[in-house]
Amino acid sequence: MENNMSIVFDAKSQNEGLARMVVAAFLTELDPTVEEMNDIKTAVSEAVTNSIIHGYGEQQGQVFMKCNLKKENDDSLLQIEIKDQGVGIDDIEKAKEPLYTTKPELERSGMGFMFMEMFMDNIHIESEKNVGTTVFMTKKIRDNKNRLR
C-alpha cells in the first residue's frame, strides 16, 4: 500500500503552520503517537522555515512539499521532501553545525538541521547555489491502530 500527497505554497512565515497541519492530517490514517506526530511536525516546521528564511529571505517564492507513505507489514515508512528554489546552501556540512546561522540579525538559533536529524530517522540535503535546496527526511512509523489501549 502506498499513499502520496504534494502541496505548493507561498514562502511566507504564516504558511509554516499550514505545512505542519497538512502533514499531520496526512498521517492520521496511521494513528501515530503524540510523540511521533510532534517529532514529524517539528522537523517539517524547521525545513519549511529554513526555505522561507534562508532560501528566499525577502524574495518571493514557493515551497514544495511532498509526502509518501509506504506500508511495510506492521510499519509504514514516511518520506517527506521539502524543496525551495532559493539561493541554495554554500556549504551543507557547515550549515548543519549547531548554532551556525546565516541570519544572526534575525535571532535565528542555528538549530534547524539538528532538530530535523534528532526527530527523523534519516535526513539528506541537496542544494545548488542559486537553484535551491531540497531536504529529504524519512521516519518509520509503527501502525498503532491495532495496539492495546
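To be clear, the structure that these remarks concern was listed above.
Now for a description of the structure that goes with this document. Everything numeric here is computed off the predicted structure, so don't read it as measured data.

Examining the overall build of the chain
Piece 1. Check the secondary structure of the chain and you find four helices and five strands.
Piece 2. Helices (α) and strands (β) of the chain occur, in sequence order from the N terminus, as β-α-α-β-β-α-α-β-β.
Piece 3. Per-residue burial for the chain yields a buried fraction of 44% across its 149 residues.
Piece 4. Considering only contacts in the chain between residues 6 or more positions apart, those separated by 24 or more positions represent 65%.
Piece 5. A total of about 8,500 Å² of accessible surface is found on the chain, and carbon and sulfur atoms cover 47% of it.

Some thoughts on the pattern of salt bridges
Any two side chains of opposite charge can pair, given that their charged atoms come close.
Piece 1. Taken as a whole, this structure holds four salt bridges when the rule is applied.
Piece 2. When the shortest N-O distance is used, the salt bridge between Lys-139 and Asp-39 registers 3.9 Å. Of this pair, Lys-139 sits in strand β5 (residues 132-142) while Asp-39 sits in helix α2 (residues 34-56), placing them 100 residues apart in sequence.

Let's talk about unusual backbone geometry
Keep in mind that most residues, glycine aside, have a negative phi and that most peptide bonds are trans.
Piece 1. In this structure, Asp-31 is a non-glycine residue whose phi angle is positive, near 55°.
Piece 2. Note that Asp-31 resides in the loop between α1 (16-27) and α2.
Piece 3. One non-glycine residue, Asn-130, adopts positive backbone phi at about 60°.
Piece 4. Note on Asn-130: relative accessible area 61%, which makes it exposed.

Focus: the packing of α1 against α2
Piece 1. Where α1 meets α2, the axes come as close as 9 Å, and the angle between the chain directions of the two elements is 145°. With respect to the hand of their crossing, α1 and α2 are arranged in right-handed fashion. Along its contact with α1, which presents Glu-16, Ala-19, Arg-20, Val-23, Ala-24 and Leu-27, the element α2 presents Met-37, Ile-40, Lys-41, Thr-42, Val-44, Ser-45, Val-48 and Thr-49.
Piece 2. Broken down by class, the residue content of the contact of α1 with α2 amounts to eight nonpolar, three polar and three charged.

Structural notes on the packing of aromatic side chains
The way to describe two aromatic rings as a pair is by their centre distance and the angle between their planes.
Piece 1. For the structure shown, the criterion picks out one aromatic pair.
Piece 2. Relative to Phe-119, the ring of Phe-115 lies with its centre 6.2 Å away and its plane at 10°, an arrangement referred to as stacked. In this pair, Phe-115 and Phe-119 both sit in helix α4 (residues 112-119), four residues apart, roughly one turn of the helix.

Some thoughts on the layout of surface pockets
Piece 1. Here the second largest pocket defines a volume of roughly 170 Å³.
Piece 2. Looking at the second largest pocket, it is lined by 15 residues, and the ones nearest its centre are Asn-68, Gln-79, Ile-80, Glu-81 and Phe-136.
Piece 3. Going through the elements one at a time, β1 (2-10), β2 (62-72), β3 (75-84), β4 (122-128) and β5 are the ones with two or more residues in the lining of the second largest pocket.

Some points on the pairing of β2
Piece 1. As paired elements, β1 and β2 share nine bridges and run antiparallel to each other. Following the sheet pairing, Val-8 is matched in β2 by Phe-64.
Piece 2. Taken together, the ten bridges between β2 and β3 define a ladder with antiparallel strand orientation. Across the sheet, residue Glu-72 finds its bridge partner in β3, namely Asp-75.
Piece 3. Here β2 folds back onto β3 in antiparallel fashion, the turn holding two residues, of which Asn-73 has a positive phi close to 55°.

Conventions we followed
Residues numbered from 1 in each chain as written. Predicted model: local features only at pLDDT ≥ 70, side-chain atom pairs only at ≥ 80, totals over all residues. Heavy atoms only, no water. Helix = DSSP H or I, 4+ residues; strand = E, 2+ residues; numbered from the N terminus. Buried < 20%, exposed > 50% of the residue type's maximum accessible area, 1.4 Å probe, protein only. Contact = heavy atoms within 4.5 Å. Areas by Shrake-Rupley, 256 points an atom, 1.4 Å probe, with all protein chains shown as cover. Salt bridge = Lys/Arg side-chain N within 4 Å of Asp/Glu carboxyl O. Axes fitted to C-alpha atoms, helices over the stretch in contact; angles between N-to-C directions. Left-handed = near helix turned anticlockwise from the far one by under 90°. Nonpolar A, V, L, I, M, F, W, Y, C, P; charged D, E, K, R; others polar. Phe/Tyr/Trp six-rings, centres within 6.5 Å; stacked < 30°, edge-to-face > 60°. 1 Å grid on protein atoms, 1.4 Å probe; cavity = no way out; pocket = protein on both sides within 12 Å on 5 of 7 lines; lining within 4 Å. Points joined across faces, edges and corners; volume = space filled by probe spheres on them. Pairing = 2+ DSSP bridges.

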